[in-house]
Amino acid sequence: MLHKGVPIDEGAMVSTITPTAPALTADERAAILDAVREFARAELEAHALEWDAQSIFPRDTLRLAGELGLGGVYVREDIGGSALSRSDAAAIFEELAQGDPAIAAYISIHNMVVWMIDTYGTDAQRHEWLPRLTAMTDFGSYCLTEPGAGSDAAAIATSAIRDGAEYVLTGVKQFISGAGEASVYIVMARSGEPGARGITAFLVPAEAEGLSFGAPEHKMGWNAQPTRQVILDEVRVPVAGVLGGEGHGFKIAMSALDGGRINIAACSLGGAQWALDRALRYVHERFTFGEPLAEKQAVQFALADMATELRAARALVRDAAAALDANAPDASMQCAMAKRFATDAGFAVANQALQLHGGYGYLHEYGIEKVVRDLRVHQILEGTNEIMRVIIGRQLLAQ
């Protein structure tokens, strides 16, 4: 498990990590990242091309990730979490993405769902869902986007009508990662007035009557994780299934996205770093006009820019994660900055790595084109990079 003093035996005693607990020591953090790195290489990278080509969702591998403590990286230990910081989590997701960006991204989304239940859930909700979610014997999905409401999330139309001790949910959610595989869906639905204040978050179990799913989407990338519509046809959810209180759903959704943006930025870093490492190796091996590509100044300049962009992006991600850990007043803006910069840089670096490979970079067996396809969507999800600019600009002007 990913606890202080890792690696440790499952039966070893561990201390509960609270928000005021001291940070991991350098040795403890290094041990955790070594364990994650080994998992990513052995269990993700070794199978990533096959999963991508055949659209395989690796349930058994995800359960192994749960055994390592990756199902609840920054949730409390009392219910199975690892209780690490956001800064630690960002480093973990970067390592995972070097094995497979698509699966790393799904694990990050799953962690966002788990954090929402841990943070806003009642004691009963936490005990009902978190033991299985942190172990990754069950999976979670986050349901905000709709066919007609993407960037304008406050305009969602899925309705939640109170009927006695229940709410009746009707609507369609779009682009939902893990749809059809998850055991619980956090659904944002309109229970009141138009706008953000009329939105409530609901915990909808997979077996709920009236819940169904659209056909799997055929996507450019992220083929190893299913993406489908979530269809709610008069799904009844008891009042006890409300997460965080009526009317607080939009605030909950946005708070979750701050962390989600750091996570997806970290996944971009990991995928791009993997592609850069492959490019560095390739330019030493590939000879043109009697000398290795590594001797060409144009190639050296390209590699220098790639490495510099990734280092700058990593610094932004680390700063944003630290701000979120500290509950800094500008944490949301820093998360938006990190997400915008790191996902743009990550895609650009991966695409340049493909270019340096020439025609070989376009071949599936080299893995570079897969990373390019996987990282492209990071500029869109968890809030498009255009919306990140809106968030940053508004907060700057508000100051």
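Residues numbered from 1 in each chain as written. Predicted model: local features only at pLDDT ≥ 70, side-chain atom pairs only at ≥ 80, totals over all residues. Heavy atoms only, no water.

**Some thoughts on the layout of surface pockets**
Rule in force here: Cavity means a closed set of points on a 1 Å grid over the protein atoms alone, one where a 1.4 Å probe fits but cannot get out, pocket means an open set with protein on both sides within 12 Å along at least 5 of 7 lines, and lining means a residue has an atom within 4 Å of a point. Grid points are joined across faces, edges and corners, and a volume is the space filled by probe spheres set on the points. Secondary structure counts use DSSP, requiring at least four H or I residues in a row for a helix and at least two E residues in a row for a strand, with both numbered from the N terminus. Gly is placed with the polar residues, together with every amino acid not listed as nonpolar (Ala, Val, Leu, Ile, Met, Phe, Trp, Tyr, Cys and Pro) or charged (Asp, Glu, Lys and Arg).
Taken as a whole, the largest pocket holds about 1,200 Å³ of empty space. Looking at the largest pocket, it is lined by 40 residues, and the ones nearest its centre are T145, I380, L381, E382 and G383. Where the lining of the largest pocket is concerned, the elements lending two or more residues are α5 (101–120), β3 (166–177), α7 (249–285), α10 (368–376) and α11 (385–398). The residue makeup of the lining of the largest pocket, split by class, is 19 nonpolar, 11 polar and 10 charged.

**Section: unusual backbone geometry**
Note on backbone geometry: most residues besides glycine have negative phi, and most peptide bonds are trans. Quick reminder of the rule: Three labels apply to residues, based on accessible area from a 1.4 Å probe with only protein chains included: buried if under 20% of the type maximum, exposed if over 50%, partly exposed otherwise in between.
Even without a glycine there, the phi angle at S55 is positive, about 50°. Tracing the sequence through the fold places S55 in the loop between α2 (48–54) and α3 (59–68). In this structure S55 comes out as partly exposed when scored by relative accessible area, which is 48%.

**Here we look at α10**
The line we're drawing: In what follows, a contact means two residues having at least one pair of non-hydrogen atoms within 4.5 Å.
Most of α10 is tucked away, with eight of its nine residues classed as buried. Among all positions of α10, only I368, E369, K370, V371, V372, R373, D374 and L375 are buried. In the core, the buried residues of α10 are packed alongside α2, α5, α7 and α9 (331–356).

**Some details on the environment of H357**
Relative to the assigned elements, H357 resides in the loop between α9 and α10. Separated by 75 residues in the primary sequence, H357 and Y282 have C-alpha atoms spaced 7.0 Å apart. Beyond its immediate chain neighbours, meaning those up to four positions away, H357 contacts R278, A279, Y282, Y366 and I368.

**Brief notes about the packing of aromatic side chains**
Rules: Any two of the Phe, Tyr and Trp rings considered here, Trp counted by its six-membered ring, make a pair once their centres fall within 6.5 Å; the pair's planes then place it as stacked at under 30 degrees, edge-to-face at over 60, or tilted in between. Here, a charge over a ring means that NZ of Lys or CZ of Arg falls within 6 Å of the ring centre while also lying within 35 degrees of the ring normal.
Throughout the structure, instances matching the rule amount to seven aromatic pairs. Summarising the aromatic geometry, the rings of Y167 and F202 are spaced 5.0 Å apart at their centres and angled 65° between planes, so their arrangement reads as edge-to-face. Taken together, the positions of Y167 in strand β3 and F202 in strand β5 (residues 199–205) put the pair 35 residues apart, joining distant regions of the chain. Measuring from centroid to centroid gives 5.3 Å for Y360 and Y366, while their planes differ by 40°, and the two rings are tilted. Judged by relative accessible area, Y360 falls into the partly exposed class, the value being 35%. In this structure an aromatic cluster arises from ring pairing among F57, Y106 and F139. One cation-aromatic arrangement involves R86 over W115; the distance from NZ or CZ to the ring centre is 5.0 Å. The ring of F347 carries the charged tip of R376 above its face, separated from the ring centre by 5.8 Å.

**With respect to the side chain of E95**
In this fold, E95 is placed in helix α4 (residues 86–99). Owing to a relative accessible area of 12%, E95 belongs among the buried residues under this scheme. Every residue in contact with E95, bar those within four places of it in the chain, is listed here: L33, V36, R37 and A40.

**Concerning the packing of α7 against α10**
Operational definition: Note on method: axes are straight lines fitted to C-alpha atoms, helices fitted across the in-contact stretch only, with angles between N-to-C directions ranging 0 to 180 degrees. Comment on the angle field: the value is read as roughly parallel under 35 degrees, roughly antiparallel over 145, roughly perpendicular from 65 to 115, and oblique elsewhere. Should the near helix be turned anticlockwise from the far one by less than a right angle, the crossing is left-handed, and should it be turned clockwise, the crossing is right-handed.
For the pair α7 and α10, interaxial distance at closest approach is 10 Å and the crossing angle is 160°. It follows that α7 is roughly antiparallel to α10 by the angle criterion. Two packed elements cross with a definite hand, and for α7 against α10 that hand is left-handed. Packed against α7, whose contacting residues are C267, S268, G271, A272, W274, A275 and R278, the element α10 presents I368, V371 and L375 at the interface. Class assignment of the residues belonging to the contact of α7 with α10 gives a composition of seven nonpolar, two polar and one charged.

**Considerations on the state of the cysteines**
Quick note on the threshold: Note that a disulfide, as used here, is simply two cysteine sulfur atoms within 2.5 Å.
Applying the stated criterion to the full structure yields zero disulfides. Counting only cysteine sulfurs, C335 is the nearest neighbor of C267, a cysteine outside any disulfide, at a range of 14 Å. With relative accessibility at 0%, the residue C335 sits in the buried group.

**Considering the packing of helix α1 (residues 26–45) against α4**
For any two helices packed against each other, one specifies the inter-axial angle together with the distance between the axes. Viewed as axis vectors pointing N to C, α1 and α4 meet at an angle of 25°, and their least axial separation amounts to 8 Å. Put simply, α1 runs roughly parallel to α4. Seen along the crossing, α1 lies across α4 with a hand that is right-handed. Residue-level contacts link R29, I32, L33, V36, R37, F39, A40, L44 and E45 of α1 to S87, D88, A91, I92, E95, L96, Q98 and G99 of α4.

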